[in-house]
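# A closer look at the structure
So you can see what is in the structure, the chains are spelled out below.
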Amino acid sequence: MAVKVQITPDLLRQLLDYHPATGRFFWHERPACLFSNGNAGSESNAKAWNRRYAGRETFLNGTGSRYYKQPILGVDIIAHIAAWVIFYGVFPDKQIDHINGDGKDNRISNLRLANGSQNQANQRKKPGLSSRFKGVSWHRNYGKWVASGRLHLGYFDNEEDAARAYDRAISIIHGEFAVLNFPDDAA
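Our subject in this report is the structure included herewith. (Residues numbered from 1 in each chain as written. Predicted model: local features only at pLDDT ≥ 70, side-chain atom pairs only at ≥ 80, totals over all residues. Heavy atoms only, no water.)

## A word on the sheet that holds strand β10 (residues 152–156)
- Strand order in this open sheet of three strands is β8-β9-β10, and the pairing throughout is antiparallel. Because the sheet does not close on itself, it has two edges, and the strands there are β8 (136–139) and β10. Averaged over all pairs of adjacent strands, the angle between strand axes in this sheet comes to 30°, irrespective of strand direction.
- Direction of pairing for β8 relative to strand β9 (residues 144–148): antiparallel, over a ladder of four bridges. From the neighbouring strand, H139 faces β9, where its bridge partner is K144. (Pairing = 2+ DSSP bridges. Helix = DSSP H or I, 4+ residues; strand = E, 2+ residues; numbered from the N terminus. Axes fitted to C-alpha atoms, helices over the stretch in contact; angles between N-to-C directions.)

Following this line, the structure appears as structure tokens:
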């Protein structure tokens with residue numbers, strides 16, 4: 001039976017080259033000791049692996065997810081966690097939030113620690129809703145746009161006015177984690 005390896009910051013740094021400015025990862029060469037399982041083929045296994053993978057980019061598969069994921073020594077690792085661990089040398093004690101909302105943009109400048117509520121606040125508008133703005137929907141009975149963001153913010157004749165009311169409230173509630181419909185107005 002194969003023994004699962006404990007993934008540590010030092011091991012990730014030994015296995016991966018992380019480029020914080022681009023968020024891209026590349027495989028380092030692996031020493032034969034990482035292939036030793038009691039047989040004499042460890043050296044040839046290491047050479048074969050290094051010929052095939054060393055220097056190549058990794059974390060390229062989205063596997064249907066919003067995030068890149070890669071099995072490393074039998075353990076599935078998510079790219080933004082690997083980025084955090086390699087850059088800071090510790091596993092995060094909170095969730096990692098992608099500031100720009102793109103779960104595949106793993107530049108260190110795009111990653112920050114967040115609690116669950118903050119991470120949820122940073123989600124973009126869901127497609128297929130009645131409004132083109134986050135926090136705004138059409139109220140059929142009143143024939144008006146309604147703004148709501150954790151609480152009812154009122155009815156509006158104009159969709160943009162409802163969206164601006166949402167932005168004002170949500171920026172107070174969520175601060176830097178708020179996703180605004182009109183981010184240029186927040187200055």
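Read on for the rest.
## Concerning the environment of G55
- Within the secondary structure, G55 sits in the loop between α2 (42–53) and β3 (57–58).
- In this structure, the C-alpha to C-alpha distance between G55 and E29, residues 26 residues apart in sequence, is 7.4 Å.
- Residues within four places of G55 in sequence aside, it is in contact with F26 and W27. (Contact = heavy atoms within 4.5 Å.)

## A closer look at the nonpolar core
- One finds L12, L16, F25, F59 and I72 to be the most contacted residues of the largest nonpolar core, which totals 24 residues.
- If one sorts the elements of this core by residue count, helix α3 (residues 79–88) sits on top with six residues.
- Sequence-distant contacts of I72, defined by excluding residues within four places in its chain, comprise I7, L12, L15, L16, W27, F59 and I77.
- Among the nonpolar cores identified, the runner-up in size contains nine residues, and F156, A162, A163 and F182 belong to it. (Core = buried A, V, L, I, M, F, W, Y, C linked by side-chain atoms within 4.5 Å. Buried < 20%, exposed > 50% of the residue type's maximum accessible area, 1.4 Å probe, protein only.)

## Considering the pattern of salt bridges
- One pass over the full model with this rule turns up seven salt bridges.
- The partner of R112 in a salt bridge is D97, and the shortest N-O contact between them spans 2.8 Å. Placement of R112 in strand β7 (residues 111–114) and of D97 in strand β6 (residues 95–98) is noted, with a sequence separation of 15 residues between them. Accessibility classification places R112 together with D97 in one group, the buried group.
- A salt bridge links R132 to E159; its shortest N-O distance comes to 3.3 Å. (Salt bridge = Lys/Arg side-chain N within 4 Å of Asp/Glu carboxyl O.)

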